[in-house]
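Take a look at the letters that make up each chain.
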Amino acid sequence: MNKILHNLMEDVVIKQLDHILDSFHCCKCEQCRLDIASYALNRLPAKYVVTTQGELITRLDSLDLQFETNVITAITQGIILVGNNPRHEI
Ligand SMILES: [Zn+2]
């Protein structure tokens, strides 16, 4: 089995992103969603784990309230920034 490095923060951000986007009236195309995700991920600490390729990791052990608040804040800032400056014609 191939072992790979995986950034758990990616999973958390992608999962929260769709949830938070629901409450915003902004563009939700793939380009904008990925721009928002990369904005948030660049501002959050990486959480690397060693995993087997294809293995699904569904939870973070260190998921506490402060951590979740940081994730939500970073995503919300990303939504506002990308929403105001989408990298495509509106
Ligand atoms: Zn868009």
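Residues numbered from 1 in each chain as written. Predicted model: local features only at pLDDT ≥ 70, side-chain atom pairs only at ≥ 80, totals over all residues. Heavy atoms only, no water.

Novice: Sorry if this is basic, but what is going on with the packing of aromatic side chains here?
Specialist: Two aromatic rings are characterised by how far apart their centres lie and by the angle between their planes. In this structure the tally under the stated criterion is 0 aromatic pairs. Looking at Arg-43, its charged tip hangs above the ring of Tyr-39, at a distance of 3.7 Å from the centre. (Phe/Tyr/Trp six-rings, centres within 6.5 Å; stacked < 30°, edge-to-face > 60°. Lys NZ or Arg CZ within 6 Å of the ring centre and 35° of its normal.)

Novice: Can you help me understand the coordination of the zinc ion in this one?
Specialist: Each protein donor to the zinc ion is listed here as Cys-27 (SG), Cys-29 (SG), Cys-32 (SG) and His-88 (NE2); together their distances run 2.1 to 2.3 Å. Coordination of the zinc ion draws on donor residues from a single chain, spaced C-x1-C-x2-C-x55-H in sequence. Owing to a relative accessible area of 27%, Cys-29 belongs among the partly exposed residues under this scheme. (Donors = N, O, S within 2.8 Å, 3.2 Å for Na, K, Ca; no water. Buried < 20%, exposed > 50% of the residue type's maximum accessible area, 1.4 Å probe, protein only.)

Novice: What am I meant to see in the confidence of the model for the protein chain here?
Specialist: Detailed conclusions should not be drawn from predicted coordinates in areas where pLDDT is low. Looking at the protein chain as a whole, the pLDDT averages 88, with 89% of positions reaching at least 70. Considering each helix and strand of the protein chain separately, the mean pLDDT is smallest for strand β2 (residues 48–52), with a value of 86, and largest for helix α2 (residues 30–43), with 97. (pLDDT = per-residue confidence, 0-100. Helix = DSSP H or I, 4+ residues; strand = E, 2+ residues; numbered from the N terminus.)

Novice: Quick question: what am I supposed to make of the side chain of Thr-52 here?
Specialist: Tracing the chain through its elements places Thr-52 in strand β2. In terms of polar contacts, Thr-52 uses its side chain to reach the side chain of Lys-3, at 2.9 Å. In this structure Thr-52 touches Met-1, Asn-2, Lys-3 and Ile-4, once residues within four positions along its chain are discounted. (Polar contact = N/O pair within 3.5 Å; in protein donor to acceptor, adjacent residues only side chain to side chain. Contact = heavy atoms within 4.5 Å.)

Novice: Which parts of the structure should I look at to understand the state of the cysteines?
Specialist: Here a disulfide denotes a covalent bond joining the sulfur atom of one cysteine to the sulfur atom of another. Applying the stated criterion across every chain yields a total of 0 disulfides. The thiol of Cys-26 is not disulfide-bonded; the next cysteine sulfur, from Cys-27, is found 7.2 Å away. On the accessibility criterion, Cys-27 (34% relative accessible area) is partly exposed. (Disulfide = S-S within 2.5 Å.)

Novice: I keep staring at the pattern of salt bridges and nothing clicks. Help me out?
Specialist: Pairs can form between side chains of opposite charge whenever their charged atoms are close. This model, assessed by the stated rule, comprises 2 salt bridges. Between Arg-33 and Asp-18 there is a salt bridge, with the nearest N and O atoms lying 2.6 Å from each other. Remark: Asp-18 occurs in helix α1 (residues 8–21) and Arg-33 occurs in helix α2; sequence separation between them is 15 residues. Arg-33 sits in the partly exposed class, given a relative accessible area of 25%. Classification of Asp-18 by relative accessible area gives partly exposed; the value is 34%. The partner of Arg-87 in a salt bridge is Asp-35, with the nearest N and O atoms 2.9 Å apart. One end of the pair, Arg-87, is in the segment after α3 (65–84); the other, Asp-35, is in helix α2, with 52 residues separating them in the sequence. (Salt bridge = Lys/Arg side-chain N within 4 Å of Asp/Glu carboxyl O.)

Novice: Can you help me understand the packing of α1 against α3 in this one?
Specialist: Packed helices, taken two at a time, are described by the angle their axes make and the gap between the axes. Following both chains from N to C, one finds α1 and α3 inclined at 60°, their axes separated by 10 Å at the closest point. Considered as vectors, α1 and α3 are oriented oblique to each other. Between α1 and α3 lies a crossing of right-handed hand. Contacts from Met-9, Val-12, Val-13, Gln-16, Leu-17, Ile-20 and Leu-21 of α1 reach α3 at Phe-67, Glu-68, Val-71, Ile-72, Ile-75, Thr-76 and Ile-79. Residues of the contact of α1 with α3, tallied by class, amount to 11 nonpolar, 2 polar and 1 charged. (Axes fitted to C-alpha atoms, helices over the stretch in contact; angles between N-to-C directions. Parallel < 35°, antiparallel > 145°, perpendicular 65-115°, else oblique. Left-handed = near helix turned anticlockwise from the far one by under 90°. Nonpolar A, V, L, I, M, F, W, Y, C, P; charged D, E, K, R; others polar.)

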